[in-house]
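# Structural overview for review
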Amino acid sequence: MQLELIRNATLKINYGGHVLLIDPYFAPRHSLPSFTGRSPNPMTGLPASIDDILKGVELVIVSHLHTDHFDSVAKERVPKSLPILCQPGDEGSIRETGFTNVTPLLQSTVWNGVTVTPQQGSHGLGPVVEKMGRVIGFTLEAAGEPTVYWAGDTVLYPPVAETIRQVSPDIIITHSCGARWDGDLIVMDAEQTVAVSRLAPQAIVVATHMEALDHATITRQDLRQTAEAVDLDPSRLLIPADGETLSLSG
């Protein structure tokens, strides 16, 4: 398995002999409004051209419709005929933008030998969830590949821990920037990311969704320091840079 972090939540994964693109966010640097007044978004540019990012992509997974997960540039540039798996309820909106092969991820779905299974997520806890809306995570399984749990835009809460317990993934991909909305945590922060690693001592945690948006509160360095403070083996918590490719196995 090869995992390339593009930027934010956007990943390009070579898995089971196929190329998957997750949550495409292609907006140019500083082209979108600030969330907090700190900086226009995204705060960083793409590490490669959109043409290069899309090269070879066979399946797109869209976890939810927030602009930093599926933006207007992606809606324009992703080929309309590519198959898209999405959160149930989002398929109509995606089809309205011209995509012709959109499937809601209602249950485990097998695509070309890759099993994609939806998993619960919560974009914060308490009243902020109504503002953030529904989200999903998912797991990936294929012959000869590590089992992957992509947690998505979620905080660490009991269903995430239960997914880890039931699935026993080899790779866990977290969103670890500590983003806050009206003061409420809406994705994992450094402490929660380290806690995920402790919940899954057999797994490698890959922390993403960092240093791209101005409502984030945790940098890559913050996360490294938190992990070092509790003597977490650095080989078990990987924090890739934008454009970096990881080769991962079970």
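Residues numbered from 1 in each chain as written. Predicted model: local features only at pLDDT ≥ 70, side-chain atom pairs only at ≥ 80, totals over all residues. Heavy atoms only, no water.

### What to know about the packing of aromatic side chains
Aromatic ring pairs: the centre-centre distance and the angle between the two ring planes describe each pair. The tally for this structure, following the rule as stated, stands at three aromatic pairs. Between F70 and F99, the aromatic rings sit 5.9 Å apart at their centres with planes inclined by 50°, giving tilted as the arrangement. Of this pair, F70 sits in the loop between β4 (59-62) and α2 (72-77) while F99 sits in the loop between α3 (91-96) and β6 (102-104); the two residues are 29 residues apart in sequence, bridging distant segments of the chain. The buried category is assigned to F99, whose relative accessible area is 2%. Judged by centre distance (4.8 Å) and plane angle (15°), the rings of F138 and W150 are stacked. Remark: W150 occurs in strand β10 (residues 148-152) and F138 occurs in strand β9 (residues 136-141); sequence separation between them is 12 residues. (Phe/Tyr/Trp six-rings, centres within 6.5 Å; stacked < 30°, edge-to-face > 60°. Helix = DSSP H or I, 4+ residues; strand = E, 2+ residues; numbered from the N terminus. Buried < 20%, exposed > 50% of the residue type's maximum accessible area, 1.4 Å probe, protein only.)

### Some details on the sheet that holds β6
Within a beta sheet, neighbouring strands are joined by backbone hydrogen bonds and run either parallel or antiparallel to one another. Taking strand neighbours across the sheet as the criterion, the seven strands line up as β6-β5-β4-β3-β2-β1-β16 in an open arrangement whose pairing is mixed. At either end of the open sheet lies a strand with only one pairing partner, and these are β6 and β16 (245-247). Neighbour-to-neighbour, the strand axes of this sheet turn through a mean angle of 20°, independent of strand direction. (Pairing = 2+ DSSP bridges. Axes fitted to C-alpha atoms, helices over the stretch in contact; angles between N-to-C directions.)

### Let's talk about the layout of surface pockets
Reported here for the largest pocket is a volume of approximately 160 Å³. Along the wall of the largest pocket there are 15 residues; nearest its centre are F35, H66, D68, W181 and H215. Counted by class, the lining of the largest pocket contains seven nonpolar, five polar and three charged residues. (1 Å grid on protein atoms, 1.4 Å probe; cavity = no way out; pocket = protein on both sides within 12 Å on 5 of 7 lines; lining within 4 Å. Points joined across faces, edges and corners; volume = space filled by probe spheres on them. Nonpolar A, V, L, I, M, F, W, Y, C, P; charged D, E, K, R; others polar.)

### A word on the nonpolar core
Residues V160, I164, I172, V196, M210, L223 and L237 are the most contacted members of the largest nonpolar core, which totals 31 residues. Looking at this core, the elements that each hand over two or more residues are α4 (128-132), β10, α5 (158-167), α6 (190-199), β14 (204-208) and α7 (220-229). Sorting elements by how many residues they give to this core places α6 first, with three residues. Discounting residues that sit within four places of it in the chain, V196 has contacts with L156, I164, I172, T174, M188 and V205. Counting residues in each nonpolar core, the second largest holds 26 residues, with L59, L105, V114 and I173 among its members. (Core = buried A, V, L, I, M, F, W, Y, C linked by side-chain atoms within 4.5 Å. Contact = heavy atoms within 4.5 Å.)

### A few points about the packing of α6 against α7
Between α6 and α7, the least distance of the axes is 9 Å, while the angle of their chain directions is 50°. When the axes of α6 and α7 are compared, the pair comes out oblique. You can see that α6 and α7 cross each other, and the crossing is right-handed. Across the interface between the two elements, A190, E191, T193 and V194 of α6 pack against L223, T226 and A227 of α7. Taken together, the residues of the contact of α6 with α7 break down into four nonpolar, two polar and one charged. (Parallel < 35°, antiparallel > 145°, perpendicular 65-115°, else oblique. Left-handed = near helix turned anticlockwise from the far one by under 90°.)

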